[in-house]
Amino acid sequence: MTAAPFQLPALLPPLRQNLQLFPAAPERSGAPTWVIQDPISNRFYRIGWLEFELLSRWRGQSPEQLLDSVRDETPLHADESELTELLRFLQEGQLLDQRNPAQTDRLIQHYRKSRSNPFKQLLHNYLFFRLPLVRPTRFLQSLAAHTGWLYQPATLWVLGCIALLGLGLTFREWDQFVASFQASLSPAGLIGYLLAIMLVKSIHELGHALTATRYGLRVSHMGIAFVVLWPMLYTDTSEAWRLQSRRQRLAVDSAGIIAELGVAAIATLAWHLTANSDLKQIFFFLATTSWVLTLAINTSPFMRFDGYFIASDFLELPNLHQRSFAVARTVIRRRLLGLNEADPEPLSPALKRFLFIFALITWVYRLVVFIGIAVAVYYLFFKLLGILLFIVEITWFVLRPVWGELKVWYARRSEVKHWRKRLAWACLLGLLVLAALPLPYRVEAYGVMLPVRSHTFYSPIAAQLQQLPAPGRGIVEQDETVFQLSQPELQHQLELARIEDAAVQAQLQGLLGFTDGEQQRRSLQSRRAVHASDIEGYSQELARLTLKAPFAGVLTDLDPHLSNGVWVDSRTPLATLIDPSEWIAEVFVEQSAVGRVQLGAQLRFYPSIQSTLPLSGSVVAIDPSLSKQLPHPMLSARFGGPIAIIESGNGLQPRDPLYRVRVKLNGSPVSLEQQTGKALIDGTPTSWLADAFKPALIVLIRESGF
């Protein structure tokens, strides 16, 4: 970018007397560097060899004398433009001793200009601001004198062994770990996680501060930084630039992560060894929080967290993000627009490729993160403020950088060749056409496949097995007896009823010929009717103990513990008979995709036992309302299934809104057991523009009423 006009004075202004200059770590190329420390603002400025030679001869010199002195006394060749840029840098950083009225007026104007726009101040404070809480220098020096054992190799070895043992036990008891995590997803669990985050982050920042103090650095303050109103503990370790040893800088950078991993290792093992339920829950919160914060957030080099500083010092590339972005912008301008763009700095081809790829990944990563933050901010505040903050987030973090680069492209449009312009317009038009075309779409859903006809055999009453299918005999014909049971007490009651009926019948035959036995005959006939009813009831109950196949099929899930003479109750399933010729599947489609599923839509179902041999099928029914309960427990995450659930008193409730879709399958699976699987349904083709426009329109209509 072209610098604004800037005139060199006849005599160079003096530097501030309280500035400190000391050697820093050399560049990746081996060139020496120095650091200027501003003790008032506690800022550090890294300079190169040329800047150092100029500043070391600065006092009382005119610009011409200073440039001649550097040329005569060093192998460097400094020109007026480089001196102008250095003077501009010193003036903008307020590193000059400005005492005359003109310079004082300039400082006052600069201050007033920075305060003249209250909107920018509010925006800056909303996006990021710090709140120092403590100045822990003396405390850290005292603590560092008693914690040297933490930095011994033996401590790291012990923590490593504890971590391996804890993780090994966790993998052995993975089901218990998952169940504990699901049980912690509650309001009380949320409070527990927040308290664990506060404790873990405090230990994290204390690790940075102790390590910095151990290497002689001053930790000026510790406090809370608010990034988009989200509180985060921070430690001022800016003096780490003073360390010339890369190993020491890496130790300061990684101290927080190592401290978190230590907490995670100890808490994980303690969770397995503790029997007290309250302590077990505390250790679980600490373990999960530490592992997630360390592996998912702090180690990422794409945001300015610990991972970024570790990568920057490990690669010996200070300002890694800015330098990689500059390389990526240069490569894009050259390759896409054909601009004659100079390299921002001399780099090897391999390093240039690495920085280009790193910049692209960082941009994509930040795009996802910033959009996620914007959505979170939108939901955290009331409607109007949420919409305004969402717009600010997207504008500042996403659109502003893109708009800045597009402005450069537009300003240099005359340098772009005509064929590149035509190609760019053609590509843009092609993308628009492609986005507007309805494209095939596959809806992914998980479900259970089961036969159309199935029958589970139960004993109608508590009874004793007398006959059961032979082992290995799976095919059963219709009306074939599968199980024969007996009930001795019921059989005994039937025999008693028959005996009593026979006795009554004998008495009736003895009354034949007696004219005065009519009243007695009526009583005996009434008793015989009761016995006949009992005989019929007992006979029907005994007949129910003969379990026959209602249709021809295959017998599955035969209880292996059954044998002749075993007693069974009415709640124990004995076996299941299925018709293997017809199969269906019940799959559960997300609410966002159910609109694309139509009756008769074709699909492919991949059973879990034969995932490489899918079954074709078609949709035959779609539930008109959400599934409030999950009818198949094997699909729930609690039992190893793919669907997350919320456990409540009403059964297994899906965490996400799902619709049940009934599917008719063609053919039979290899395994005749009921099993889970994944379905890929041919959804209604729609364009990308329609998919993007419809949700936006829905949100706009929904949020239009304040």
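Before going into details, it helps to say that this report is about the structure given with it. Only a predicted model underlies this, so the values are computations on that prediction, with no experimental measurement involved.

Rules of the game
- Residues numbered from 1 in each chain as written.
- Predicted model: local features only at pLDDT ≥ 70, side-chain atom pairs only at ≥ 80, totals over all residues.
- Heavy atoms only, no water.
- Core = buried A, V, L, I, M, F, W, Y, C linked by side-chain atoms within 4.5 Å.
- Buried < 20%, exposed > 50% of the residue type's maximum accessible area, 1.4 Å probe, protein only.
- Helix = DSSP H or I, 4+ residues; strand = E, 2+ residues; numbered from the N terminus.
- Contact = heavy atoms within 4.5 Å.
- Salt bridge = Lys/Arg side-chain N within 4 Å of Asp/Glu carboxyl O.
- Pairing = 2+ DSSP bridges.
- Phe/Tyr/Trp six-rings, centres within 6.5 Å; stacked < 30°, edge-to-face > 60°.
- Patch = residues over 30% accessible without salt bridge, like charges linked within 9 Å, V, L, I, M, F, W, Y side chains within 5 Å.
- Areas by Shrake-Rupley, 256 points an atom, 1.4 Å probe, with all protein chains shown as cover.
- Axes fitted to C-alpha atoms, helices over the stretch in contact; angles between N-to-C directions.

Brief notes about the nonpolar core
Line of reasoning, step 1. Judged by nonpolar contacts, the single largest core of 23 residues is most densely connected at V587, V589, F605, V619, V663, L665 and I681.
Line of reasoning, step 2. Elements that contribute at least two residues to this core include exactly β7 (439-451), β16 (583-590), α19 (591-594), β17 (602-607), β18 (615-622), β21 (658-665) and β22 (675-686).
Line of reasoning, step 3. Leave out the neighbours within four places in its chain, and V619 touches V597, Q598, L599, G600, A601, L603, V661, R662, V663 and I681.

A short note on the pattern of salt bridges
Line of reasoning, step 1. Under the defined criterion, the tally for this structure stands at 23 salt bridges.
Line of reasoning, step 2. For R16, the salt bridge is made with D38, and the minimal N-O distance between the two is 2.6 Å. Of the two residues, R16 sits in the segment before β1 (20-24) while D38 sits in strand β2 (residues 33-38), which places them 22 residues apart along the sequence.
Line of reasoning, step 3. Judged by its relative accessible area of 15%, R16 falls in the buried class.
Line of reasoning, step 4. Across the pair R333 and E405 runs a salt bridge whose closest N-O atoms are separated by 2.8 Å. Residue R333 is found in helix α13 (residues 320-337), and its partner E405 is found in helix α15 (residues 383-411); the two are separated by 72 residues along the sequence.
Line of reasoning, step 5. For R333, a relative accessible area of 11% translates into the label buried.

Focus: the pairing of β17
Line of reasoning, step 1. Across the two faces of β17 the burial differs, with L603, F605 and P607 buried and Q602, R604 and Y606 not buried at all.
Line of reasoning, step 2. Sheet topology note: the β17/β18 ladder contains 4 bridges and is antiparallel. Among the inter-strand pairings, L603 is bridged to a residue of β18, identified as G617.
Line of reasoning, step 3. Direction of pairing for β17 relative to β22: antiparallel, over a ladder of 5 bridges. Bridging from a neighbouring strand, R604 pairs with L680 of β22.

Brief notes about the packing of aromatic side chains
Line of reasoning, step 1. Summed over all chains, the structure comprises 14 aromatic pairs.
Line of reasoning, step 2. Residues Y308 and F309 carry aromatic rings whose centres are separated by 5.1 Å and whose planes lie at 70° to one another, so their mutual orientation is edge-to-face.
Line of reasoning, step 3. Residue class for Y308 comes out buried when judged on its relative accessible area of 2%.
Line of reasoning, step 4. Three or more aromatic residues joined by ring pairs form one cluster here, namely F171, W174, F177, W271 and F284.

Examining a nonpolar patch on the surface
Line of reasoning, step 1. Taken together, the side chains of W425, L428, L429, L431, L432, V433, L434, L437 and L439 define a hydrophobic patch exposed on the protein surface, amounting to about 910 Å² of accessible area.
Line of reasoning, step 2. Top element by residues in the nonpolar patch is helix α16 (residues 418-436). It accounts for 7 residues.

Description of the environment of R247
Line of reasoning, step 1. Along the chain, R247 turns up in helix α10 (residues 246-273).
Line of reasoning, step 2. Relative accessible area serves as the criterion here: at 57%, R247 is assigned to the exposed category.
Line of reasoning, step 3. Each C-alpha atom, one on R247 and one on F314, is 8.5 Å from the other, the two residues being 67 residues apart in sequence.

Details of the sheet that holds β1
Line of reasoning, step 1. Strand order in the open sheet formed by 3 strands is β1-β2-β3, with antiparallel pairing between adjacent strands. Looking along the sheet, the strands with just one partner apiece sit at the ends: β1 and β3 (43-47). Within the sheet, the average angular offset between the axes of one strand and its neighbour, ignoring direction, is 30°.
Line of reasoning, step 2. Where β1 and β2 come together, 5 bridges link them in antiparallel fashion. Directly across from F22, in β2, lies its bridge partner V35.

Geometric values such as these leave the question of function open.
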